[in-house]
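Here is what each chain is made of, one letter per residue.
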Amino acid sequence: MRSMVEGNGATCVFPLHQPAAVEESHVPLFDPPHLTMGRNRIGPLSAQIDKLPRRTGKAKPMPHQAGCLCGQVRVSIDAEPMAARMCWCRLCQYLGGGSGTVNVCFPSDRMTVTGEVRWHHSTADSGNAMRRGFCPECGTPLFSVAESRSHLTFIRAGALDDPDILGPQAVIWTDAAPHWAHLDPELPHYPAQIPPVA
Ligand SMILES: [Zn+2]
Ligand SMILES: [Zn+2]
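Remember, predicted model here, so these are calculated numbers, not experimental data.

This part covers the environment of Thr-114. Note that Thr-114 resides in strand 7 (residues 111-114). The spatial distance from the C-alpha of Thr-114 to the C-alpha of Gly-67 is 9.2 Å, given a sequence separation of 47 residues.

Given below as structure tokens:
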């Protein structure tokens, strides 16, 4: 069965699958039950950080998985990431709680989404009409889609079960970043928008 996700354009159809069962029992915030990263239960913060995955860059098998903090929205992506960028545009600073956002690009037609996604429509600093998807339950920012290029969906890296699958390859909209922003000196910097991925 296939179903249009609310607010999506005609080119962005996601098959409907049953979401994975989510435990009812209480679990700590740092260990949502729907994640399958193999992290242990919460302990001292230093021990928690020690258990976070390292930036090994090793290839992970598809399909890649993503979702929101509360588990209401789950995403399965049967494609490798096409690109990843850190964006400091003013709008991303709202989404990122003050920081920029890291966004990983996938082909829209290779994504399967379960759960309700709510979309916010706006015009980006670039002038592009955009829609941004988030979980209406927990508010986690999940997706960004340019209306003119709806074959591409950017997933917020923090929503990926494994944010290590691809780190940012460029920093964009650096002119909009606050003076205290740390911009990775090892990545190329661009003052504003750069050409589309595909
Ligand atoms: Zn949620
Ligand atoms: Zn941005």
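Among the 7 residues in strand 6 (residues 101-107), 6 count as buried, and that is most of the element. As paired strands, strand 5 (residues 83-87) and strand 6 are joined by 5 bridges and run antiparallel to one another. Paired with Cys-87 across the bridge in strand 6 is Thr-101. Bridge count between strand 6 and strand 11 (residues 152-156): 5 bridges; the pairing is antiparallel. Paired with Pro-107 across the bridge in strand 11 is Leu-152.

A few words now on the confidence of the model for the protein. Across the protein, pLDDT averages 79, with 70% of residues at or above 70. Of the regions scoring below 50 in pLDDT, residues 1-55 engages in 65 contacts with residues more than four places distant in sequence or in other chains.

The linkage connecting Met-62 with the following residue, Pro-63, adopts the cis geometry, with an omega of 0°. The residue Trp-173 is not glycine, and still its phi comes out positive at about 60°. Its place among the elements puts Trp-173 in the segment after strand 12 (171-172).

Right, let's talk about the nonpolar core for a bit. Counting residues in each nonpolar core, the largest one holds 35 residues, and the members touching the most others are Val-104, Leu-142 and Ile-155. Contributing elements (two or more residues each) for this core: strand 4 (74-77), strand 5, strand 6, strand 7, strand 9 (129-134), strand 10 (141-146), strand 11 and strand 12. Among the elements that line this core, the one with the most residues is strand 6, at 4 residues. Not counting residues up to four positions away in its chain, the partners in contact with Ile-155 are Ala-66, Val-75, Asn-103, Val-104, Phe-106, Leu-142, Phe-143 and Leu-160.

Let us look at the sheet that holds strand 10. The strands that make up a sheet pair up through hydrogen bonds in the backbone, lying either parallel or antiparallel. Spatially, the 7 strands line up as an open sheet ordered 8-9-10-11-6-5-12, and their pairing is mixed. Each edge of the open sheet is held by one strand with a lone partner, namely strand 8 (118-123) and strand 12. Judged from the 6 bridges that link them, strand 8 and strand 9 form a sheet pairing that is antiparallel. Its bridge partner being in strand 9, His-120 is matched across the sheet by Arg-132.

Criteria and thresholds
- Residues numbered from 1 in each chain as written.
- Chains lettered and ligands numbered in written order.
- Predicted model: local features only at pLDDT ≥ 70, side-chain atom pairs only at ≥ 80, totals over all residues.
- Helix = DSSP H or I, 4+ residues; strand = E, 2+ residues; numbered from the N terminus.
- Buried ≥ 20, exposed ≤ 12 C-beta atoms within 10 Å, placed from the backbone.
- Pairing = 2+ DSSP bridges.
- pLDDT = per-residue confidence, 0-100.
- Contact = placed C-beta atoms within 7 Å.
- Core = buried A, V, L, I, M, F, W, Y, C linked by C-beta atoms within 7 Å.

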